[in-house]
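# Observations on the model geometry
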Amino acid sequence: MVMDSTIPYCHIRNNKIVKDGKCLLDLPGIPLDDFLLETYSWLKVDYPKFYKMDTLSKLGFLASEILLSKKSYATDSIALVLSNSSSSLDTDKRYWETVKIHASPSLFVYTLPNIVMGEICIRHGIKGESIFFVTPKFDAEWITSYVDLLWNEENIKYCLAGWVEVMGDQADVFLYLADKSSVQSANKISELYHSWKS
């Protein structure tokens, strides 16, 4: 279903990428790790650090790339408000497996959920406010209320907000780009989050 929306948004679920209601990429039947590498290649991104990221960071990186790469913004004018339900547990489990043999310093770096925001900020030079919430499920009311608070900051004009969740081969990503000059109600954001399921 294509939504009539002025709010740019991106879903990543079930090995599919949907932007503003239109399917951009669909690669069924492959493991999530392979899907992420294929997506990175398809986007023609030249950012070697991508290969070192954990799965949560790769998901956030790819969704933000789709929303931010075609435009330029003042680096201090964008804020980030992200959330998920399992924090960095997917990476924590992978890290714990390495501890049995030899702890992996490269995985240990990603055992905090807010590292995904750091990767996005580094990639796009973002210097605005950022916060990561852990909630039982996507909470449009909570997210939009926090984004509304950020508009009190004079320099903040945009906010990349949403949900970045992964556990094993199951990913659920919904990011949207809020604009200070537009209205983003909790009902509208919830509608966008639920607009694409398969």
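Definitions and limits used
Residues numbered from 1 in each chain as written. Predicted model: local features only at pLDDT ≥ 70, side-chain atom pairs only at ≥ 80, totals over all residues. Heavy atoms only, no water. Salt bridge = Lys/Arg side-chain N within 4 Å of Asp/Glu carboxyl O. Helix = DSSP H or I, 4+ residues; strand = E, 2+ residues; numbered from the N terminus. Buried < 20%, exposed > 50% of the residue type's maximum accessible area, 1.4 Å probe, protein only. Pairing = 2+ DSSP bridges. Axes fitted to C-alpha atoms, helices over the stretch in contact; angles between N-to-C directions. Parallel < 35°, antiparallel > 145°, perpendicular 65-115°, else oblique. Left-handed = near helix turned anticlockwise from the far one by under 90°. Contact = heavy atoms within 4.5 Å. Nonpolar A, V, L, I, M, F, W, Y, C, P; charged D, E, K, R; others polar.

## Focus: the pattern of salt bridges
A complete count under the given rule lists 5 salt bridges for this structure. Note that D26 and K16 form a salt bridge whose closest N and O atoms lie 3.9 Å from each other. Here D26 is found in strand β3 (residues 22–26), whereas its partner K16 is found in strand β2 (residues 16–19), with 10 residues between them in sequence. One salt bridge connects E119 with K49, and the closest N-O pair in it is separated by 3.2 Å. Separated by 70 residues along the polypeptide, E119 in helix α5 (residues 115–124) and K49 in the loop between α1 (32–43) and α2 (55–68) bring together distant segments of the chain.

## A short note on the pairing of strand β1 (residues 9–13)
For β1, the buried fraction is high: 5 of the 5 residues fall into the buried class. Burial of the side chains of β1 extends over both faces: Y9, H11 and R13 are buried on one face and C10 and I12 on the other. In this sheet, strand β7 (residues 170–179) lies alongside β1 in antiparallel orientation, the contact comprising 5 bridges. Within β7, the position partnered with R13 by the bridge is D172. Direction of pairing for β1 relative to β2: antiparallel, over a ladder of 4 bridges. Bridging from a neighbouring strand, R13 pairs with K16 of β2. Hairpin connection of β1 to β2: 2 residues between the antiparallel strands, including N14 at a positive phi of 50°.

## Looking at the packing of α2 against α5
The contact between α2 and α5 brings their axes to 9 Å, and the two run at 40°. Here α2 is positioned oblique relative to α5, judged by the angle of their axes. Judged by the twist between their axes, the crossing of α2 over α5 is right-handed. Contacts between α2 and α5 pair L56, S57, G60, F61, S64, E65 and L68 from the former with I115, V116, E119, I120, R123 and H124 from the latter. Across the contact of α2 with α5, the residue classes tally to 6 nonpolar, 4 polar and 3 charged.

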